[in-house]
Amino acid sequence: MPEYKYNNSNRGIRGTAKESAITGCKLSSGRVLSVQRNALESNEIIAKKNRAKFGRALVINFLSSPGSGKTSLLESIAPVLKADGFKIAVIEGDVETDLDKKRIDALGVPAYQIITNGTCHLDAKMVNGSLDSLNIKDTDVIFIENVGNLVCPTSFNLGEDMKAVVLSVTEGDDKPLKYPAAFYKSKIMIINKIDLLPALDSDISKIKENALSINKDITIFETSCKKTAEAGISGLAAFIKNEIKRKTEDFRKINYNTYF
Ligand SMILES: Nc1nc2c(ncn2[C@@H]2O[C@H](COP(=O)(O)OP(=O)(O)OP(=O)(O)O)[C@@H](O)[C@H]2O)c(=O)[nH]1
Ligand SMILES: [Mg+2]
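Just so it is clear, the structure is predicted and the values come from calculations on it, not from any experiment.

Trainee: Requested: an account of the site of ligand 1, with residues and values cited.
Mentor: Around ligand 1, 17 residues are found, and the nearest of them are Gly69, Lys70, Thr71, Ser72 and Gly148. Classifying every residue of the shell around ligand 1 gives 3 nonpolar, 9 polar and 5 charged.

Right, dumping it as structure tokens:
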């Protein structure tokens, strides 16, 4: 993983996005809280178990600020994948409600609700508790909708294949710079609500430039989930289908005798 260096000179803290993504917050003295480190180390152990349980299913962990359009994207992508015969499941993370799960239920897609009761992210143990309820062996892709937050979810590996950060155009083109770990740790960035661009001063090329300055390998999609102006969904779905195929092939090569 390349190391993106940041320098938060306002607070006198220096470090790397890799460091912050692994250890969470650092004390200004530079000492990492050992209790926090222990929690993250236990999380890694359970994340590995999750990954084994996911088997051949591709797992995508959606991160974003509240309201960027994570559930809307799932509502747009799921019918496209279903129409092509792919089997989908969704794990919904929410601080308080099952409102998003109800939206997924309405698509006829199996969904499991995790209510975190105030915690601002999902962790591997929460996800592990959902796995027996989903028929993973027959699932091609599992989408995890993390709690709306661009900071805390980046520290917790859930055993996923990739993180996908969603940024809507109304949030401002500086967000990749202000919340670097989310962009540094994601394989793809989805710039959503592009139908709103004509009403904004937001410069989409600046969003991309800032994201690429944090993570030069990030793959960028531009989407609109607005029904009357839907855009970019087929391209995103094509990418996901390709990743499903790739995961199945890789998994088959390694586990042919034990799994298939
Ligand atoms: N104009 C426009 N509105 C959108 C688009 N995508 C989502 N929205 C709207 O944005 C609002 C939030 O969308 P959600 O999909 O609920 O966002 P979310 O990221 O799942 O929100 P949380 O789960 O609360 O973090 C809803 O009113 C959506 O209709 C889009 O592409 N264009
Ligand atoms: Mg949502």
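Trainee: Got a sec to walk through the nonpolar core? Specific residues and values, please.
Mentor: Ile60, Val90, Val141, Ile142, Phe143, Ile144 and Val165 are the most contacted members of the largest nonpolar core, which has 52 residues in total. The element contributing the most residues to this core is strand S3 (residues 58-64), with 5 residues. Setting aside its immediate chain neighbours within four residues, Ile144 contacts Val59, Ile60, Asn61, Phe62, Ile91, Gly93, Leu122, Val127, Leu158 and Glu160.

Trainee: Residues and numbers for helix H8 (residues 204-214), please.
Mentor: Of the positions making up H8, those classed as buried are Ile207, Ala211 and Ile214. Viewed end-on, H8 has its buried residues packed into an arc of 55°, placing them on one side of the element. Along H8, the residues that are exposed and aim more than 90 degrees away from the buried face are Ser205 and Glu209.

Trainee: Would you mind going over the sheet that holds strand S9 (residues 219-222) in detail, with residue names and values included?
Mentor: Taken in spatial order, the 7 strands make up an open sheet running S5-S4-S6-S3-S7-S8-S9, and their pairing is parallel. Strand pairing shows two members of the sheet lacking a second neighbour, strand S5 (111-115) and S9, which therefore form its edges. Looking at each pair of strands side by side, their axes are set apart by 20° on average, direction ignored. Bridge count between strand S7 (residues 162-168) and strand S8 (residues 188-192): 5 bridges; the pairing is parallel. Its bridge partner lying in S8, Ser168 is registered against Asn192.

Trainee: Can you lay out unusual backbone geometry for me, pointing to particular residues and giving the numbers?
Mentor: Within the chain, Asn117 stands out as a residue other than glycine whose phi angle is a positive 55°. Its location among the elements puts Asn117 in the loop between S5 and helix H5 (124-128). With a phi angle near 65°, Lys193 is a residue other than glycine that sits in the positive phi range. Using a count of 24 C-beta atoms within 10 Å as the deciding quantity, one classes Lys193 as buried.

So, how was this worked out
- Residues numbered from 1 in each chain as written.
- Chains lettered and ligands numbered in written order.
- Predicted model: local features only at pLDDT ≥ 70, side-chain atom pairs only at ≥ 80, totals over all residues.
- Near = placed C-beta within 6 Å.
- Nonpolar A, V, L, I, M, F, W, Y, C, P; charged D, E, K, R; others polar.
- Core = buried A, V, L, I, M, F, W, Y, C linked by C-beta atoms within 7 Å.
- Buried ≥ 20, exposed ≤ 12 C-beta atoms within 10 Å, placed from the backbone.
- Helix = DSSP H or I, 4+ residues; strand = E, 2+ residues; numbered from the N terminus.
- Contact = placed C-beta atoms within 7 Å.
- Arc of directions from axis to C-beta.
- Pairing = 2+ DSSP bridges.
- Axes fitted to C-alpha atoms, helices over the stretch in contact; angles between N-to-C directions.

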